Amino acid sequence: MAYAYLFKYIIIGDTGVGKSCLLLQFTDKRFQPVHDLTIGVEFGARMITIDGKQIKLQIWDTAGQEAFRSITRSYYRGAAGALLVYDITRRETFNHLTTWLEDARQHSNSNMVIMLIGNKSDLESRREVKKEEGEAFAREHGLVFMETSAKTAANVEEAFINTAKEIYEKIQEGVFDINNEANGIKIGPQHSTAGAGGAGGAGAGGAPPGGCC
Amino acid sequence: MNFLKSGIKTVLGAPEPGQQPSVAETVERLVERASNSTLLEDRRDACRALKALSRKYRLEVGAQGLDTLRQILELDRADNETINYALDTLNNIVSPSQFEEEEDKPNIPMNIGDQFTEMFIKDPHNIQLVLDLLDEHDFRVRLSTVQLLISLLTNRTKDIQEIILDKPMGVSKMMDLLGDTREVIRNETLLLLIKLTKGNANIQKIVAFENAFDRLFEIVSSEGYSDGGIIVEDCLLLMLNLLKNNSSNINFFKEGSYIQKMLPMFNIPEESEEVGWSPQKVSNVHCMLQLVRTLVSPSNSAQIISNCQKIMKNVGLLDALCNILMASGVPADILTETINSVGEVVRGDASNQEFIGNVIAPSYPPRPAIIVLLMSMVNEKQPFSLRCAVLYCFQCYLYQNEVSQASLVQTLLPSSSDVSNLTSGQILCGGLFSSDVLSNWFSAVALMHALIDNTTQKEQLLRVLLATNIGSNPVSLLHQCTTLLQQTTKLQSKVALLMLLSQWMSSCPAAVSAFLQVPGGVGYLVNQTCSNEHDDNEYLLQGMSAFLLAICINFNDDSVQTYSKESLKQLLVKRIGVEVFTAKLSEVCKHELYNKAAKHPQLRVGCPVDVLIDYEFCRLFKSLEGVLSQSLETRAVNGGGAGEADLEQYKALIRQQDARLHELVHQLDALAQQAQGLQSALNDSLAANSLLKDENTLLKAQVSANSIPTTQPAATQPPLPDPKLGEYEERIEQLNDEVTRLNGEMTRLNEEVSRLKGELKAAKDEEKNSAEEMEKLKKDQDDLLYLLANYDSKTNEYKLRLLQLGEKVEDDEPTDEENLT
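- Where an unreviewed UniProt entry is consulted, chain B appears under the name General vesicular transport factor p115 isoform X1, with the organism given as Bicyclus anynana.

- Chain A has the name Jg14568 protein in an unreviewed UniProt entry, where Pararge aegeria aegeria is given as its organism.
- According to the UniProt record, the Sequence similarities (unreviewed entry) comment for chain A is "Belongs to the small GTPase superfamily. Rab family."

So, in structure tokens, the structure goes:
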């Protein structure tokens, strides 16, 4: 399916904070209470619309366990956006945010948009991290902040779309070099007709519309 | 070091004085200069010399120089020439292949490159050194670095993969090289990435994330797709590595619209017939077909398969594949692989199956492609692998599709009027009874796939009649199959027919009944099962016959009187015996070819002799074996319900005893009543007796009182009292007798009563015992349940403890916070 832009995201954060569930809720609109441990990295994709433009999101859901940390690092460089997730019912996942942020800043390109997410907002009775604390952390480090629930789907859509909006604005401002694919942004086929690879464009145009994406 | 040196000296012989210095000494001097000289030129010259020696004397150079070379990589980065010499020397030392120069040196171990690799990677930092050199833009350095990495990866794939994964930018750096404008480096990088991605899902994902598919498709397209050189093949091999068994990457490939980009690969120009196919083109197209099959492989998840199949149809890929199928001049192995690919693209997808059902071949007269394919399948002259591919494709065409299954059977039914056209059914029937064994096998299996999970078609196929000889009555297909089974001596045909009949008759009582009516059918199966030949194939035949026999019993609706469910069971028990029967049944899945076939829907055999068992038969066998052997056990011991059965038994016993008790009580009542009646009769008799006695006394008194006055009358009437008295006495005597008899009767009755009372007591005791036993069983059950609960909680406790100890417990979401920083 044709798109104006393609953004690559990664989802990072401690194990068990609900990264895979957020992705599943966003791509498949369902919640799976019992989820296998993510091994390495899993992939998901969805199309959204911003400013009347079709934008394809390619999302890599990483494993939170320490053992996979070095694998996760390989994904920072090529991503345009990152969702940094903690669990509002487990204080230590909030405490580890600094480490995650350092890692991300060190290995990613400087323009990567990072969205801070306090997940499991449906478990109000077991809350250990106040919303204000999350907001303060985000303010301090220049992140966008949101509390979500992968279970009830509250704010899940918004989290992914707002990140995309932020990236989109940066493109409009000319901050991102959209011709460098290492930034995690790709221009859709109809934009690149002037480019050198003409054969690819023709192939995509010939495909019947209404695919299964 | 000294030890090694002395070791080499012993190998080469100690240097004799006055002679030229030995190799070891030369190497030693060079190594020393490379590591200690303060002049860059000196170090460079030493490296150059080492490089020159490293092919012929790699043992010496490696043993003495490895550390120094490593050190040069770190410290002399500024001088590309020196670095380059060092890299080349290292590459020679660890090279996995033997050099020409080494051929006359038998004392060099075969795995010497491997051993030096192990020494080199002992410190993972060395790999980092090599990876850092990839940043160097110099052509020679970059190329040598890539080549060194290839050698290292060839020797120690797994170890080096892990080390590289651990370096944050390791994989990314190599991916960047794909964009190098110098083709030599790009091409060498392709080889490196193929080695790097082999069997490591994490690296595969990172490579895919780093836009590998975009880069590779760009290269493939710039090289001219299938007409490109070996570079195209390398690109495709890398893509295959990235996708094989990696569902995340397949998902990414599908979502990234890369399936569309495969389309130009399958454009076969019209003139290819005259030009012919170059070997490279054959390899390229073969890889492309592998790529298609990797995406829709039956071993992927159902969702991925179905998504990819739909996209392939929508973007015209299936159409392109069918064009190759129908094109002329396509080499046989490409044609074979295309047929397999088409099969997997349509397998289980109704719309794709319908699509190939409608493809018309450009033949005269025009025929459906399916017909043309089937004709090749039953043609002895066609290559074996092609015939297998057609069978697989046809199986995929029928797979889970009632419409295509029905249309095949339809062509065999008498109602179909159009006789002029050759139909798929006719081809298969022809193949089934042809003299070519493989045709028999292929046709029987193809026909069998029209019946899988489809009771309607099983019944429809029963209606098929065959005209065997002119003049004789037509016989049913099932009859003919059964007859053939008895007549043929060929193993493959027998197995094929047994598979067909098993699939046909399972869950279809009508087919079972039809089979039972065929003369000799059952007898043949029984004889086969009883047969005592010792040979793997004979075991298989015995087992399969047993299987079919069990199907005859299990799906029997008792419509054939001579072979009702019960009578067949009796026959089996008497002639074969249940245990022997079960043992024979279990032989089937011990056959080597059964296990091979059970692994994959596609028949994967190298030679015609190995064509024996079909995947779907294995599935049928697996699903029925348990049910069938269980249904034959006369006394079903259903494991879990053992306690229940016992309980039921006791209940029945108690019920029995209860009934007996009731009966006895009734008898007792009746007897008591009788006794009462007798007692009252006795009382009456006694009363009458005493009355008579009184009367008697009175009369006697009267007699004595009237003796004088009555002497006269007595004299006058002496005969009068006399007879009366006698009469009375007689009567008394009679009554006395009666009393004695009654007394006897009473005693007997009393005895009877006490006996019954005893019996009653015994019955009551027995009842009590049973009740107690039941109580005990219940208690045992409770104890077991409690024990089970106990174990359960203990298991949980252990799991928790394991978790605390940092061990991973599979089915739990671990909360091992101590694993986190």
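Next comes the rest of the write-up.
Points about the overall build of chain B
Right, so step 1: Looking only at helices and strands, chain B has 40 helices and four strands in total.
Right, so step 2: For chain B, the C-alpha radius of gyration of 49 Å lies well beyond 28 Å, the compact-globule estimate for 821 residues.
Right, so step 3: For chain B, the spread of C-alpha atoms along the principal axes amounts to about 190 × 85 × 55 Å.
Right, so step 4: In chain B, buried positions account for 47% of the 821 residues.
Right, so step 5: When contacts within chain B are restricted to residue pairs at least 6 apart in sequence, long-range pairs at least 24 apart make up 71% of them.
Right, so step 6: Accessible surface for chain B amounts to roughly 40,700 Å². Of this, 51% is attributable to carbon and sulfur atoms.
Right, so step 7: Computing the positive centroid from 75 side-chain charges and the negative centroid from 111, chain B places the two 2 Å apart.

Side note on the packing of helix 20 (residues 317-326) of chain B against helix 22 (residues 350-357) of chain B
Residues and elements named next belong to chain B.
Right, so step 1: Relative orientation of the contacting elements helix 20 and helix 22 amounts to 30°, with a least axis distance of 11 Å. The angle between helix 20 and helix 22 places the two elements in the roughly parallel class. Considering only the axes of helix 20 and helix 22, their crossing is right-handed. When helix 20 is examined against helix 22, the residues Leu318, Asp319 and Cys322 are found in contact with a partner set consisting of Asn352, Phe355 and Ile356.
Right, so step 2: Here the contact of helix 20 with helix 22 is composed, by residue class, of four nonpolar, one polar and one charged.

Concerning the nonpolar core
Right, so step 1: Among the nonpolar cores identified, the biggest contains 241 residues, and Phe213(B), Phe253(B), Phe266(B), Leu477(B) and Trp504(B) are the most heavily contacted of them.
Right, so step 2: Among residues more than four places away in sequence, those in contact with Trp504(B) are Leu451(B), Lys458(B), Leu461(B), Leu462(B), Leu477(B), Leu478(B) and Ala511(B).
Right, so step 3: Membership of the second largest hydrophobic core comes to 33 residues, among which are Val17(A), Met115(A), Ile167(A) and Phe176(A).

Side note on the packing of helix 9 (residues 157-166) of chain B against helix 11 (residues 183-197) of chain B
Residues and elements named next belong to chain B.
Right, so step 1: Relative to each other, helix 9 and helix 11 sit at 100°, their axes nearing to 9 Å. Relative to helix 11, helix 9 is oriented roughly perpendicular. Along the contact surface, helix 9 presents Thr157, Gln161 and Ile164, while helix 11 presents Lys195, Leu196 and Thr197.
Right, so step 2: When the residues that make up the contact of helix 9 with helix 11 are grouped by side-chain class, the tally is two nonpolar, three polar and one charged.

Rules of the game
Residues numbered from 1 in each chain as written. Chains lettered and ligands numbered in written order. Predicted model: local features only at pLDDT ≥ 70, side-chain atom pairs only at ≥ 80, totals over all residues. Heavy atoms only, no water. UniProt positions renumbered as here; feature names shortened; annotations may be inferred. Helix = DSSP H or I, 4+ residues; strand = E, 2+ residues; numbered from the N terminus. Rg over C-alpha atoms; globule rule 2.2 N^0.38 Å. Buried < 20%, exposed > 50% of the residue type's maximum accessible area, 1.4 Å probe, protein only. Contact = heavy atoms within 4.5 Å. Areas by Shrake-Rupley, 256 points an atom, 1.4 Å probe, with all protein chains shown as cover. Lys, Arg positive; Asp, Glu negative; His and termini not counted. Charge placed at Lys NZ, Arg CZ, Asp CG, Glu CD. Axes fitted to C-alpha atoms, helices over the stretch in contact; angles between N-to-C directions. Parallel < 35°, antiparallel > 145°, perpendicular 65-115°, else oblique. Left-handed = near helix turned anticlockwise from the far one by under 90°. Nonpolar A, V, L, I, M, F, W, Y, C, P; charged D, E, K, R; others polar. Core = buried A, V, L, I, M, F, W, Y, C linked by side-chain atoms within 4.5 Å.

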